[in-house]
Amino acid sequence: MYPTYLTRIASSAEKACALVIDRPKDPHAREQLFDALAQVANPAFQADDPELAHLTPLFSQAQVWAAIVRTRIAGLRADKRGYPAVRAVQYPARDLLPILGDLCRELRMIPEP
């Protein structure tokens, strides 16, 4: 994938993640994050360019945390325990946010071809 496309995906996910951290009880924010993380959790969310090989571990971390957050959101749909279940989404989203921020920052430093 192209760096600008990857940056757009990571940036959208970062904004949705920040929204869920800020408003953890908002079901619309969680659904928006679930949708935004679909592309991040996809194994194809990698840079094809050899110059971006140094970002492979960061992409891998983002994919793992995105999968965790999506699983928690999906579980919350069926779980009606309330606040403790909401925290189960909020905590991994907090762990994912800086990874997405780092990824966006690194991708923005890549010069356009």
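These notes cover the structure that comes with them. Keep in mind that this is a model prediction, so the values were computed, not measured. Per chain, residue numbering runs from 1 following the sequence as it is written. Whole-chain, interface and lining totals are the exception, using all residues; otherwise, since this is a predicted model, local features are given only for residues with pLDDT of at least 70 and side-chain atom pairs are given and counted only at 80 or more. Neither water nor hydrogens contribute to the side-chain values; these are computed over all heavy atoms in the structure.

Our focus in this paragraph is the packing of helix α1 (residues 3-22) against helix α2 (residues 27-41). Viewed as axis vectors pointing N to C, α1 and α2 meet at an angle of 155 degrees, and their least axial separation amounts to 9 Å. As far as their axial angle goes, α2 and α1 are roughly antiparallel. Crossing handedness for the pair α1 and α2: left-handed. In this structure, α1 uses Tyr-5, Ile-9, Ser-12, Ala-13, Ala-16, Cys-17, Leu-19 and Val-20 to contact α2, whose residues at the interface are Ala-29, Arg-30, Gln-32, Leu-33, Ala-36, Leu-37, Gln-39 and Val-40. Helix axes use the C-alpha atoms of the stretch in contact, all axes being lines fitted to C-alpha atoms, and the angles between their N-to-C directions lie in the range 0 to 180 degrees. Each helix is a run of H or I in the DSSP string that is no shorter than four residues. Each strand is a run of E no shorter than two, and both are numbered from the N terminus. For this classification, under 35 degrees means roughly parallel, over 145 means roughly antiparallel, 65 to 115 means roughly perpendicular, and everything else is oblique. Left-handed describes a crossing in which the near helix is turned anticlockwise from the far one by less than a right angle; the clockwise case is right-handed. Residue contacts are counted whenever heavy atoms from the two residues lie within 4.5 Å of one another.

With that settled, consider the state of the cysteines. Cysteine sulfur atoms are paired as a disulfide whenever they fall within 2.5 Å. Overall, the coordinates contain 0 disulfides when judged by the stated rule. Of the cysteine sulfurs around Cys-104, a residue in no disulfide, the closest is that of Cys-17, at 11 Å.

We now examine the nonpolar core. Judged by nonpolar contacts, the single largest core of 36 residues is most densely connected at Leu-33, Leu-37, Val-40, Phe-45, Phe-59 and Leu-103. Elements supplying a minimum of two residues to this core: α1, α2, α3 (56-78) and α4 (83-108). With 10 residues, α4 is the single largest residue contributor to this core. Remark: nonpolar core denotes a set of buried residues (Ala, Val, Leu, Ile, Met, Phe, Trp, Tyr, Cys) joined through side-chain atoms within 4.5 Å. Each residue gets one of three labels from its accessible area relative to the maximum for its type: buried under 20%, exposed over 50%, partly exposed in between, using a 1.4 Å probe on protein chains only.

Bringing the packing of α2 against α3 into the picture now. Between α2 and α3, the least distance of the axes is 9 Å, while the angle of their chain directions is 145 degrees. At the point where α2 passes α3, the crossing takes the left-handed sense. Counting all contacts with α2, which are made through Arg-30, Glu-31, Leu-33, Phe-34, Asp-35, Leu-37, Ala-38, Val-40 and Ala-41, the residues of α3 involved are Ala-62, Gln-63, Ala-66, Ala-67, Val-69, Arg-70, Ile-73, Ala-74, Leu-76 and Arg-77. Within the contact of α2 with α3, the residues separate by chemical class into 13 nonpolar, 1 polar and 5 charged. Just so you know the grouping, Ala, Val, Leu, Ile, Met, Phe, Trp, Tyr, Cys and Pro go in nonpolar, Asp, Glu, Lys and Arg go in charged, and all remaining residues, Gly too, go in polar.

What describes a pair of aromatic rings is the distance from one ring centre to the other and the angle between the planes of the rings. Centres within 6.5 Å are what make two rings of Phe, Tyr or Trp a pair, Trp counting through its six-membered ring; a difference in plane orientation under 30 degrees is then read as stacked, over 60 as edge-to-face, and the rest as tilted. According to the stated counting rule, one finds 1 aromatic pair in the structure shown. Judged by centre distance (5.2 Å) and plane angle (75 degrees), the ring pair of Phe-45 and Phe-59 falls under edge-to-face. Taken as a pair, Phe-45 in the loop between α2 and α3 and Phe-59 in helix α3 lie far apart in primary sequence, 14 residues in all. When its relative accessible area of 1% is taken as the criterion, Phe-59 is described as buried. By definition here, charges over rings are those cases where NZ of Lys or CZ of Arg is within 6 Å of the ring centre and within 35 degrees of the ring normal. The positively charged end of Arg-70 is found above the aromatic ring belonging to Phe-34, 3.9 Å away from the centroid.

This part covers the environment of Leu-6. In this fold, Leu-6 is placed in helix α1. As a C-alpha pair, Leu-6 and Leu-37 span 31 residues in sequence and 12 Å in three-dimensional space.

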